Amino acid sequence: MKRLSISLLEAKVKDLESENELLKKNLKKNEQKRNDFLTLSLNTLGDPVFVKDADSRLVLVNDAFCEVFQIGRENVIGKTLAEHVAAEERESFLAIDRQVLADGIENINEESLTVEGKPSRIISTKKSRFIDSDGNKFLVGVIRDITARIKAEEELRFSEEEFRSLFTQSVIPSILIDLNGLITKCNQAFCDFIGCTSSEILRKKFQSFIYPEDNENLFQGLEKSPTNLAESNLTKPFLRKDGARLWGEVSTSSICNKHDEPQASLIVIQDITEKYQALKELKENQIKLKDLNDTKDKMFSVIAHDLRGPIGNTLSLSELLQDNDSALEDSERKEYFKLINQSIIGTKLLLDNLLNWANSQRGKVQPKYKNLIINEVVKNVFISTKAAASRKSISLSSSVDAKVIVESDPDMLETIIRNLVNNAIKFTGNGGEIILSALSDTRQVEITISDTGIGMTEEQRQGLFKLETNASTRGTENEKGSGLGLLLCKDFVEILEGKITVKSKMGRGSSFTIKLPIKAKVS
């Protein structure tokens, strides 16, 4: 019985040992499963993860760790990684390992790590302490590879420094404006261009430096979105602090963030004041040259046609008198003399107009101002035009007050009024009427010549004072003219610092009004 009991006990012990081995195998298998699950979980993370023991030896790393440092798992497990890095890097991360294991305070640090023979990486490492149920200390770390970010930041910093240097040192005026249209930065070239200090420029609206009359055109919509100026080129006038007007070619470009959203605008101004002035003068000279050519053509036309006719008529009449003097009656002879006289008077008037107009076109006419009683000037005009008006039974009348006085050039004013009266006689039929009137105040005088003539169309009225559209029109009795009279009137009125206007309707006559300052600006 005793021997049987021992045998049973031995069998029982063997069974227990077998069960214990099985439990150990199952425990090891479960532990491996847990480790596999943990490894699998860690491998799903994009960032490198590692676990170290109390001696800083790696006991667990994920795939991302191996990929970043380009090293196999079998080459790092059980090692500190210090074996593969430079001494200065090794001492840094091992010191942090010891500190976190000792005090348990989480640490986040940016550092460079160069695994032997591999490219240097810049990493941000977060290290935390973990203590298991047996009191064993472990270090859990998460690494973020920030190499690309740091490189991009360095490139951006370099780019910003380069931009700042170029912006500051550039000889071309440049500014930055924010989304509110305020100037946030300006270089010295812009300060010199606009004649202000930087403190007088910064936080001001860019519009405040544009010549006032161009503000609206340049900045329509800018209040709502200053980046409307992006990628544009404009030529605009600028207002210097001293009041000078400068011209600049404005180039703008938008500065955007990484999401391509506008953050500011860079404005660069090329000073083209001298170029603009040169082009302006060239254009003005081209206009003057064209005007001179038109004047020359007009003069040749008048000489070739308008002067040739009256001179030819005078010559024919004088030859007729010479050849038939003995056969002519006194009454016939007087009529011929009258015709010759009228032809000579008309020719003289035409020559006077031609010479006066030519001089005005060349800038040779300089007014000589005197205080004039307008009524006296009108009387002189009526004396010289009475014969022409009488031939058509046209009445000349004046309602000009003898007290109306103007400071003007007597010859030029008389020439203006005489030409306008002659023009009225030409286009007024027999029995018509021409009236001169004048109004004045403290600033100006208005002289109006009205007639009851045939009037004109709106198209004719619009082209009266333009050389290219002004053409001589025959009068009510087929009177000829050169078309110079009205051009001369306009030139003389403008020389006297005045204006000339006309109102007219077909069949209802015309009214020409001259407005002159009571007191000449230059006496």
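Residues numbered from 1 in each chain as written. Predicted model: local features only at pLDDT ≥ 70, side-chain atom pairs only at ≥ 80, totals over all residues. Heavy atoms only, no water.

*Asks:* Looking at this structure, I do not really get the sheet that holds strand β15 (residues 444-451). What am I missing?
*Replies:* Pairing in this open sheet of five strands is mixed, and the strands run β12-β14-β15-β17-β16 from one edge to the other. The sheet is open, and its two borders are formed by β12 (395-398) and β16 (499-504), each paired with just one other strand. The mean angle between the axes of side-by-side strands here comes to 15°, regardless of whether they run parallel or antiparallel. Along the sheet, helix α12 (residues 410-426) makes contact with β12, β14 (433-440), β15, β16 and β17 (510-517), crossing β17 at roughly 175°. (Pairing = 2+ DSSP bridges. Helix = DSSP H or I, 4+ residues; strand = E, 2+ residues; numbered from the N terminus. Axes fitted to C-alpha atoms, helices over the stretch in contact; angles between N-to-C directions. Contact = heavy atoms within 4.5 Å.)

*Asks:* What should I look at first to understand helix α14 (residues 484-495) in this one?
*Replies:* Because an α-helix packs 3.6 residues into every turn, residues spaced three or four apart end up facing the same way. Between its first and last C-alpha atoms α14 spans 16 Å; for 12 residues at 1.5 Å apiece the expected length is 16 Å, and the two agree. The buried fraction of α14 amounts to nine of the 12 residues, a majority that puts the element mostly inside the structure. Positive backbone phi, at 65°, marks Glu 497, one or two positions downstream of α14. (Expected span 1.5 Å × (residues − 1). Buried < 20%, exposed > 50% of the residue type's maximum accessible area, 1.4 Å probe, protein only.)

*Asks:* Help me understand the pairing of strand β4 (residues 121-131), please; the structure alone is not making it clear to me.
*Replies:* Along a regular strand, successive side chains alternate from one face of the sheet to the other. Both strand β3 (residues 107-113) and β4 contribute to a ladder of seven bridges, which runs antiparallel. Bridging from a neighbouring strand, Asn 109 pairs with Thr 125 of β4. Bridge count for β4 against strand β5 (residues 137-145) is nine bridges, and the pairing is antiparallel. For Ser 124, the partnering residue across the bridge sits in β5 and is Arg 144. Where β4 folds back onto β5 in an antiparallel hairpin, the turn is made up of five residues, including Gly 135, whose phi is positive at roughly 85°.

*Asks:* When you look at the nonpolar core in this model, what are you seeing that I'm missing?
*Replies:* Most often, soluble globular proteins keep nonpolar side chains buried together rather than apart. In terms of nonpolar packing, the biggest core is built from 41 residues, with Ile 417, Leu 420, Ile 447 and Ile 514 touching the most fellow members. Those elements that place two or more of their residues in this core are α11 (374-391), α12, β14, β15, α14, β16 and β17. Excluding residues within four positions of it along the chain, Leu 420 makes contact with Ile 449, Leu 486, Cys 489, Ile 500, Phe 512 and Ile 514. (Core = buried A, V, L, I, M, F, W, Y, C linked by side-chain atoms within 4.5 Å.)

*Asks:* What exactly am I supposed to notice about the confidence of the model for the protein chain here?
*Replies:* When pLDDT is low, close inspection of the predicted coordinates is not appropriate. For the protein chain, mean pLDDT is 80; residues scoring 70 or higher make up 81% of the total. Averaged pLDDT values for the elements of the protein chain fall to 49 in helix α7 (residues 215-218) and rise to 94 in β15. Confidence drops under a pLDDT of 50 for residues 218-231, and excluding neighbours within four residues, the segment shows 33 contacts in the predicted structure. (pLDDT = per-residue confidence, 0-100.)

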